Every structure is written in structure tokens, then in C-alpha cells.
Amino acid sequence: MNYLEVLRAAAPETALAITVLMVLSVDLIALRGESIARRFGIGALVSIIGCLMAVMFTFTHYGQTDPLHGLLVVDPLTNFLKLVLLALTVFTVLISASGKFTEHVGEYLALVLLATIGLMFLVSAEDLLMIFISLELASLSLYILTAFNKHNARSSEAALKYFLFGGMSAAFLLFGFSLLYGLSGSTHLPEIAAALKGRGLDPLLLVAIVTTVIGFGFKVAAVPFHLWAPDAYEGAPTPSAAFIASGSKVASFYILAKIMTMGFAGAEGSAVWHGYVSGWTPLIAVVAALSMVLGNLTAIVQSSVKRLLAYSAIAHAGYMLLGVLANTPSSRTALLFYVITYALTVLGAFGVVTVVEEATGGDALANFAGLSRRAPGLSLCLLVFLLSLAGIPPLAGFIGKFFVFSAVVGADADQLGLLWLVILAILMSAVSFYYYLRVLKQAYVLDAAENAPAIKVPAVTMFALVLLAVLVILLGCAPGLLLRHL
Amino acid sequence: MLAWTIYISFIGVLVLMLLPREAARAARIIALLTAIAGCAVAFVGAMQQANPGEVITIVKVPWIPSLGANYFLAADGISLVLVVLTGLAAIAGILFSWNIEKRTKEFFAYYLALIGGVYGVFLSFDVLLLFVFYELTIIPKYFLIARWGSTRKEYGAMKLALYSFVGSHLVLIGLIAAWVVARAQTGHATLDLMELSKVSFPLGFQHWVFPLVFVGFGILAGLWPFHTWAPTGHVAAPTAGSMLLAGVVMKLGAYGCLRVAMVLFPDGARMWQGEIAALAVIGIIYGAGVALVQKDFKFVIGYSSVSHMGFVLLGLATLNTIGLSGAVLQMFSHGIIAGLLFAVVGRMVYDRTHTRDFNDLQTMQLGKLLPFAGVTFVLAGVASMGLPGFSGFVAELQVLMGAWKVFPKTTMLAGVGIVAGVAYTLRAVQKAFYSDAVVPEKSGHDHPLEPISMPERIGAVMLITASLVIGLFPGLLLNWIQPCLNSPLFERLLKGGLL
């Protein structure tokens, strides 16, 4: 083993780890007694510089290497995903930078970066142990980030709920992994697949599949493992919720697809209509269908925009799971396109909510009334994000849906056996239009209360939101820009 | 050249967005200039097209190669007819909303965005691109009604948006399925309408996918029983909104039925021909019957739109040249006439009297107070009931002739709808304008009604002229429509494909 080679492969993560220490020490040593805004400003600057360093290291090592036999696999795709994760982190930091929810600025930023490190290791892992460790690093950071608003009891409640559910699901995941190890004698995904080949579906493998799906179902907030999501999204400081909904989704879906298609190769089964064969695809099909139906229908009755986004996230997890279960090269590309554009969009939507919340003191639908007058630029961004989530062309969300759905139907082109899932998804997405439109109605149709002042949007946040909105439009009009990296 | 109709409209939107809030007058003028420019481009572009039977490519560049999607704008004669209609309707709508004072620039920005999307649908020859423009129109429609409308505007707007969205999603299911089947059959991915129309989809597939796509588009065309958005939406919309809804948006649906559903799945169309004709005739009679008993002036016109769009759908169901060309002609004709009717009701009458209830209007002697409005409505009314000399006559006659060849009994029923059409129009004319009901001693309005303004007069004269010209010289449009129907694109539809 060549340690220099390992260090080079892990250079971006290392750079981030050093940044974590920098952020903590700068805040602790140099910035005591300064105002929170100033501490956030400087801390954010340090974090962003760290992220840029990591981006640079990712670029200088854009090759393909696997120095630790699956613990740290670097190839162009994982590198690109790391760039996406870093970009999402930068946007999260930019959105948080004007926040007033905490005085522990250094710790907050350090945890965001730690979560990013976990997620970056996660996309590079092809080994069960490494997957579990990096997942835990990311999850533990996210639990704490959820609890960061100490002025709000719901924040702690949300974090506790998130943590308890998360701990339980980690146990399930670990149990599934241990069974896999017992069955195959290896923790390396390709070796597991090779060992399981031709064994058929014995009960142990079945249990392993189910517990793995439970573990990841929790991470991606799919029904019936979604119960933590609305509370966590609502209670957490909004930038933390944004990061949970974006960065963590990208990495989790990538690794879920990897484990399923790589580790459980040969145990796919089939989810086609009238052609059901047990395996992991029908299981995911059920979870996906439940998520789409329950997420969309429950979102209709929400009055808090953050909860609404949480239920919509559950519904979107359902669409993305379709991309996992189709299990073809084109569906994997479609899934990644979907999850990346979704992450950008939802991050933007949470960014808008952050601003509105700071200015009006809440995230209820009524707080958005007359937004188009009070902050025209902000509400235009909101329009773009929500319409993209609803799947209105030519925004990125629509193209993503088209990619996923066409790839899913195309996976069984002769019989169109997976069409039933796509029909369900498309009809549910028609339902989703209603609740997104409810928010936009508040912003564009209803008037704000008399003499409501204009909302001042911090310049940094506005910059981030406009950039995100432009990306969402651009990736919708020219999806090739993203597609060629996937 | 024609692609500039789309670009000009969206440039107009951008310019309006950059205007200061207070500049209402500037916003109106910019909107009007944009619409005129768009209409002029449409006319010139249409004139330049030497052979309307051919599909002339305007621009074709790869968009998403992995899906086989292109940015492919093109036009044949049918597109030309509808693009010209859109140009005229756009100008008229702006002339009739000259009095919008609330958030003027935003109103016209949404308005032009809607127009741009409509031009885009009529010029797209890539099904994904067509779908993009089709959905792009939903949002401005919603905001126009919800923000500037009247009578249960939020309900009407939401209903219209949801109906459109559900319809377009039915279409999306069909498109994705068709894309997959075509790729499996030909070995390469394509979303090009011309290429897809050459694929022979299996009969069993066409049997279920055709009704899905046809109904998906048909919802927006007012296909009974999915028409219920139309009366509420039309009534809730501001005048220009209902003019556009009836004038061009309903045509988007009918155009989609013809251009996508029927051209791609000709055998499916043949299988479901009878059912569509039945629904169309029910729509004709039902719309006319319900219009006959309305108390609200605008609901009469709203239901009459459902009835007249029934003729379009009946024409489509004939699957013969004369019926189809009648259907396209009826799209144009109804676009002009319904626009005019809504203009009279919404702008000339309602904006002045603030009531649309026949019981109130009866006492007002509007025929004397607003003679211009009365005469315009009479002319529009007779055009709408199909008096020879106006465009409605030629169009409906062709539809009925086409339908007679295929389903004579159903066609006779459609005649009932025509008679009812005469009845509800005359009833509306009489009740709203020329009632001899006794005027109560102290009549309600003390202040005189504001006289008909110049923009209104210009708009009305423009639309009446258009209807008359086409009524007297239908060849102008038929020369564009008929060569198209004889082109290879429609060959399988008219001559029978696998069946």
C-alpha cells in the first residue's frame, strides 16, 4: 500500500478536514467578542476557501484510482459528485451566512463541513465498512445541525426524533451488512456480488435486502420510514434543513443505487405488472409507490412551507427510487441528473424560506402573502424553484422527470411492464402542482397586509439564490451540460 | 422568420419586467407594439411560405441528443392558420384591456408570455418541444385569472390550471410510452414529429394510447365531459384572458389532438372515431342547451364556446379531408368570433355596468346607451350562429359535410345544436341590448356610461373584418389548410394505416 497514493486520492477530504480545524480555531481564537454577523462572515469565507481548495484537489486528481481496495474509489464520476457536494456546501454556507439562529458560529460551520466530508467519502466507498462509517459521520453531523437553534424547543425535539430514528435505522443497516458479510465473507461490493451469484434468494439474503432498504429508506426519507422528515425539516434551522434535503440526498441515492445494483446483482427480481419476481426491485417499487402517493397527498394539507417541502421531498424520493429500481445504465444517469437538479432546486427553495422566515418570523403560507411586491427578485427565484419541483418545463425538474420516467419505461421496452409505476408517478406529479401553486398564489396573487415593509434580502443570499435559479433554468434548457459528466 | 413570433413575445416580457411599476401607459404601448410586431411577422412569414402543403423547417438544432429531442421549429399550412389567428387575437386582446390600471405591466408581461407559449406550440415539430411550450402557457393563464379576474377568480383559475396540468400529464404518459416503443422498433431515440409519424405503432398499443393523448389534449379543447373548466374559467378571467382562453388556448388543445394524437396514432383515431364524434355532438348540444338558460351574460358565451369547440372535435372525428379542413377553419373562426363576443360582454358591457345579470341588463336599454356595443354583438352573434358571409358558416358547413359522409345520424343531432345556437344568441341579444322591459321610474345608474373608446372600436372592427373576409373568401385559408391534409404527414390518417 502506497500511503502517498492514498493521501493523494483523499486530498479533497483532507483539505476539508484541515478547514474544519481552521474554522473552529479562527472562531475560537480571533473572533471572540465580535458580532455574530461578522463571525459568520469570516467563518463562511474560510469555509468557502476550504471548499475551493477541495475543488482544486479534486480537479488535479481527476483520474481513476482505487488504492485501498474499495475503501476509497476515485473515478471521474465520483469526482464530479464530490464537486456537486462541495458546490451544495458552498451554497448552504452562503445561505446560512446571514443567519441569526446560533451564536456557535464556528461549530456550526465545522459541522457542515464535517457532514460534507462524510458524504464525500460515502460516494467514494465500495466497501460496506467504509460506507457505514462515512454515513455515520455525515448523519451525526446532521443530527447536531438539526438541534442548532437553541432558542427553539422544536429544534431540539426535531433533532432528538431524527437521532432516534436515525440510530435505529443505522442498526438495521449494520445488521443487513453483517448478514451480507456472513453470506459472502467479504465487505467489498463486487466480491459480495460474485460470492452471492447463483445462490438464489435464500432467506438470509432476503433479510439482508430488507434491512438495507430500511436503513437507506430512512436516509432518503421514503415511506414508511419518513416520519422524522417533516419534524426535522420544520424544527431545524432552515439552512440545516436545506443541507439535509440536498447534499445528503445526492450522496445517499448514489450509494443506495450502488449497493443495490452492485452488491445485490443477481437478486433483482422484477417489479413488472403481472410479472412479479421477488428480489430487491419489487421491494423498492412498493416503497417508491407509497412515497409518491403519501408524500404528495399529505403535502396538500400542509400550512407550513417547510413541512410542505418535507412532504414534497418524500414524494420526490419516490420518483428517484424509480430511477434506482429500473436498474439500467440510462436510468442511473437519469437518477443522478434528477437528484442533482433536485438538490439545487430544493436548496434554493429553502434559501427563500430562510429569508422570509427571518423577515416575517414564520414559514406559514400566510407569511408569503404579497411576496412578489415585498421582494420581487426573491419571489421570482421562488417561482423558478417551485415550478421546477412541480416539473414545469423548461426547468430542470421537468427534464429530470422526463429522463427518469422514460428510462424506467424503457427498462422493459417490449412489455412496457414498468409503465404502471410511471403512470402513478405522473398522476401524482399532477397532484403536486396544486400545492406548489398554493404557495405561489400567496406570493403572486394575494396582497400582503397593509403597510408591510419591503423585505431586505442579504446580498450574499440573493447572489446564491439567483445563481441557483439560473442553474435550474440552464440545466432545464441545456441538460447536456450536466449530462455529459454523469 | 416565423420563429421570431415567439422570440418577440418573450423579449416583450423581459422589457416589461424591466419597466418601473408606475409606467402603465408605457407598458400598454410596449405590449401593443410587441403584439403588432408578432402579428406582422406571422403574416409576412405566412405569405413567404410558397408551398403551404410542405413542412418548412425554420430551425432545427440538437437539444437533448440522448432522447433524440431537437429544438425543431417548422410550419405547414395548418400552423400558419393558427399562428395568424394568434397574432390577431393577441392584438385584439391588448386593445380590449387598455383600461387595466392595476399592476399594468405585470398583466401584460403574463399576457405576452402566454402568447409566446402559444406561438411556440403552433410552430413546434418536436413533440417534447411542443409539450414544453404547451405547459409553459399554464402558469401565465393561472396568474392572469387569479390576479385580474372577477367572479370566483381563484377557484376558476385553479380549476383551469389543474385541468390543464392533468391533461398535459396524460399526454406525457402517452409521449413517454410512444418514445419507448418507437425506440424499440426503430433502434434509435427520436422525438421528432415527422419521424415518429412514420413509425407504425402496434394496434394494441394505439388502442389505449390514442384515447389517453387525445383526451389529454381534448381537455383543453373543451371536450365533453372534461369541459367544466371552460365556463368557470372564461367567466372568472379578465376580458383579455377570456378572449385568449376561447380564442387561442382552446385551440391549443384541438391542435394537439390533430397534430400529435391523430397524426402519431392514426389507427387509434380510426378505432375511437365514433366515440369522439359522439362526445363532440353531446358537447355541441349540451353547450348550446345550457347556454340557453343562463342568467349571467358571460356564462352564455362560455357555454357557447364549448358548443362551438364541439364542431372542431366533430370535424376531427370525421377523418376525411373536408371534415378536417372544416375543423381547422372552425378553430380560426371561433377564435375570432369568441374573442369578439367576450370583448363585448367583458369590456364593453361589464366594465361599464358592473353587472352581467340579464335581469339587471334588461332594464338598462343598453342598445340605446351603447349602440356600438349592441351592433358589434349582433354582428358577432350572427357570425357565431353561422350566417353565410361570416367565417363560422363556411367552417361549420364543411364540418357537417364531412361528418355527414361518416355518421349521418349523429350529424343530424348536431343540427339541433345549431338551432339552439340561434336561440341562445337571439335571447342574449334581446335580453342584454334590445329588451323592451319596463324601465323602473328611478333607473339604477345616475351617471352616464363611459362611451366606447377608440381602442375598443379598432379591436372590434378588426375582428369583424377578419371574420367577414374569411367568410367571403374562405379560399384564403383553405389554400393553406387543404394542401397540408394531402401531404404525407396526414396520409395514414386519411387513407387508413394498418387498419
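Residues numbered from 1 in each chain as written. Chains lettered and ligands numbered in written order. Predicted model: local features only at pLDDT ≥ 70, side-chain atom pairs only at ≥ 80, totals over all residues.

### Section: the overall build of chain B
Working step 1: Each helix and strand counted, chain B has 22 helices and two strands in total.
Working step 2: Expected size for 499 residues packed as a compact globule is a radius of gyration near 23 Å; at 22 Å, chain B falls within 12% of this value.
Working step 3: In chain B, which comprises 499 residues, the proportion classed as buried is 63%.
Working step 4: For chain B, restricting intrachain contacts to residue pairs at least 6 apart in sequence, the fraction spanning at least 24 positions comes to 82%. (Helix = DSSP H or I, 4+ residues; strand = E, 2+ residues; numbered from the N terminus. Rg over C-alpha atoms; globule rule 2.2 N^0.38 Å. Buried ≥ 20, exposed ≤ 12 C-beta atoms within 10 Å, placed from the backbone. Contact = placed C-beta atoms within 7 Å.)

### With respect to the overall build of chain A
Working step 1: A tally of regular secondary structure across chain A gives 21 helices and zero strands.
Working step 2: In terms of C-alpha radius of gyration, chain A reaches 22 Å, essentially the compact-globule figure of 23 Å for 486 residues.
Working step 3: Seen through its C-alpha atoms, chain A measures out along the principal axes to roughly 70 × 50 × 40 Å.
Working step 4: For chain A, the proportion of its 486 residues judged to be buried stands at 62%.
Working step 5: Nonlocal contacts in chain A, meaning residues at least 24 apart in sequence, comprise 77% of its contacts between residues at least 6 apart.

### A word on the interface of chain A and chain B
Working step 1: Listed as interface residues are 27 residues of chain A and, on the opposing side, 27 residues of chain B.
Working step 2: Among the elements of the structure, helix H18 (396-410), helix H19 (419-444) and helix H21 (480-483) of chain A are those that each provide at least two residues to the side of chain A that touches chain B.
Working step 3: In terms of residues, the side of chain A that touches chain B owes the most to one element, H19 of chain A, which gives twelve residues.
Working step 4: A class-by-class count of the residues in the side of chain A that touches chain B yields 21 nonpolar, four polar and two charged. (Nonpolar A, V, L, I, M, F, W, Y, C, P; charged D, E, K, R; others polar.)

### A few points about the environment of Ile 301 of chain B
Residues and elements named next belong to chain B.
Working step 1: You can see Ile 301 is positioned in helix H13 (residues 297-318).
Working step 2: C-beta crowding within 10 Å serves as the criterion here: with 32 such atoms nearby, Ile 301 is assigned to the buried category.
Working step 3: The sequence separation of Ile 301 and Met 454 amounts to 153 residues, and the corresponding C-alpha distance is 24 Å.
Working step 4: Residue contacts for Ile 301: discarding those within four places in its chain leaves Ala 338, Leu 341, Phe 342 and Val 345.

### Some remarks on unusual backbone geometry
Residue and element names in this part refer to chain A.
Working step 1: At the junction of Val 223 and Pro 224, the peptide bond is cis and its omega measures out at 5° in the coordinates.
Working step 2: Along the chain, Pro 393 connects to Pro 394 via a cis peptide bond; the corresponding omega equals 0°.
Working step 3: Looking at the secondary structure, you find Pro 394 in the loop between helix H17 (376-390) and H18.
Working step 4: Positive phi values are uncommon outside glycine, yet His 69 reaches one of about 55°.
Working step 5: For Asn 327, which is not a glycine, the phi torsion comes out positive at approximately 60°.
Working step 6: Structurally, the position occupied by Asn 327 is in the loop between helix H14 (305-326) and helix H15 (329-360).
Working step 7: Under the C-beta neighbour-count criterion, Asn 327 is labelled buried, with 22 such atoms within 10 Å.

### Some details on helix H9 (residues 203-218) of chain B
Residues and elements named next belong to chain B.
Working step 1: Between its first and last C-alpha, H9 extends 21 Å over 16 residues, near the 22 Å set by a 1.5 Å rise per residue.
Working step 2: The principal kink in H9, of about 30°, is found at Val 209, preceding the proline Pro 211 by one to four residues.
Working step 3: If you check which residues of H9 are buried, you get Gln 206, Val 209, Phe 210, Pro 211, Val 213, Phe 214, Val 215, Gly 216, Phe 217 and Gly 218.
Working step 4: Lining the buried residues of H9 we find helix H7 (153-186), helix H11 (239-264), helix H12 (266-292) and H13. (Expected span 1.5 Å × (residues − 1). Bend = angle between axes of the 7 residues up to and from the residue.)

### What about the environment of Leu 162 of chain B?
Working step 1: Assignment of secondary structure puts Leu 162 of chain B in helix H7.
Working step 2: Judged by local crowding, Leu 162 of chain B falls into the partly exposed class, with 18 C-beta atoms found within 10 Å.
Working step 3: With sequence-adjacent residues up to four places away left out, Leu 162 of chain B is seen in contact with Phe 433 and Tyr 434 of chain A.

### Remarks on the packing of helix H2 (residues 11-30) of chain A against helix H5 (residues 105-124) of chain A
All names here are of chain A.
Working step 1: At a minimum axis separation of 8 Å, H2 and H5 run at an interaxial angle of 170°. Considering their axes alone, H2 and H5 lie roughly antiparallel with respect to each other. In contact with Pro 12, Glu 13, Leu 16, Ala 17, Thr 19, Val 20, Val 23, Leu 24, Asp 27 and Leu 28 of H2, H5 contributes Val 105, Gly 106, Leu 109, Ala 110, Leu 113, Leu 114, Thr 116, Ile 117, Met 120 and Phe 121.
Working step 2: In terms of residue class, the contact of H2 with H5 is built from 15 nonpolar, three polar and two charged. (Axes fitted to C-alpha atoms, helices over the stretch in contact; angles between N-to-C directions. Parallel < 35°, antiparallel > 145°, perpendicular 65-115°, else oblique.)

### A few points about the packing of H12 of chain B against H13 of chain B
Residue and element names in this part refer to chain B.
Working step 1: At a closest axis distance of 7 Å, the pairing of H12 and H13 adopts a crossing angle of 160°. Considering their axes alone, H12 and H13 lie roughly antiparallel with respect to each other. When the axes of H12 and H13 are compared, the crossing they make is left-handed. The residues of H13 that touch H12, namely those facing Gln 273, Ile 276, Ala 277, Ala 280, Val 281, Gly 283, Ile 284, Gly 287, Ala 288, Val 290 and Ala 291, are Val 300, Tyr 303, Ser 304, Val 306, Ser 307, Met 309, Gly 310, Phe 311, Leu 313, Leu 314, Leu 316 and Ala 317. (Left-handed = near helix turned anticlockwise from the far one by under 90°.)

### Considering the pairing of strand E1 (residues 56-64) of chain B
Residues and elements named next belong to chain B.
Working step 1: Where E1 lies against strand E2 (residues 69-75), seven bridges are found, and the strand directions are antiparallel. Counted as the bridge partner of Lys 60 is Phe 72 from E2.
Working step 2: Where E1 folds back onto E2 in an antiparallel hairpin, the turn is made up of four residues, including Gly 68, whose phi is positive at roughly 80°. (Pairing = 2+ DSSP bridges.)

### Considering helix H1 (residues 3-18) of chain B
Working step 1: With 16 residues, H1 of chain B should reach 22 Å at 1.5 Å per residue; the first-to-last C-alpha distance of 23 Å fits that figure.
Working step 2: Where the residues of H1 of chain B are buried, they touch helix H2 (24-48), helix H3 (77-95) and helix H4 (104-123) of chain B.

### Observations regarding the environment of Ala 158 of chain A
All names here are of chain A.
Working step 1: For Ala 158, the location among the structural elements is in helix H7 (residues 153-184).
Working step 2: Sequence spacing of Ala 158 and Gln 302 is 144 residues, and the spatial spacing of their C-alpha atoms is 17 Å.
Working step 3: If we skip the residues at most four places from it in the chain, Ala 158 touches Thr 146, Asp 231, Ala 232, Glu 234, Gly 235 and Ala 236.

### Overview of the confidence of the model for chain B
Should pLDDT be low for a region, the predicted coordinates there are not to be read in detail.
Working step 1: In this model, chain B carries an average pLDDT of 87, and 97% of its residues clear a pLDDT of 70 or more.
Working step 2: Interface confidence for the predicted complex, expressed as ipTM, amounts to 0.90; the pTM equals 0.92. (pLDDT = per-residue confidence, 0-100.)

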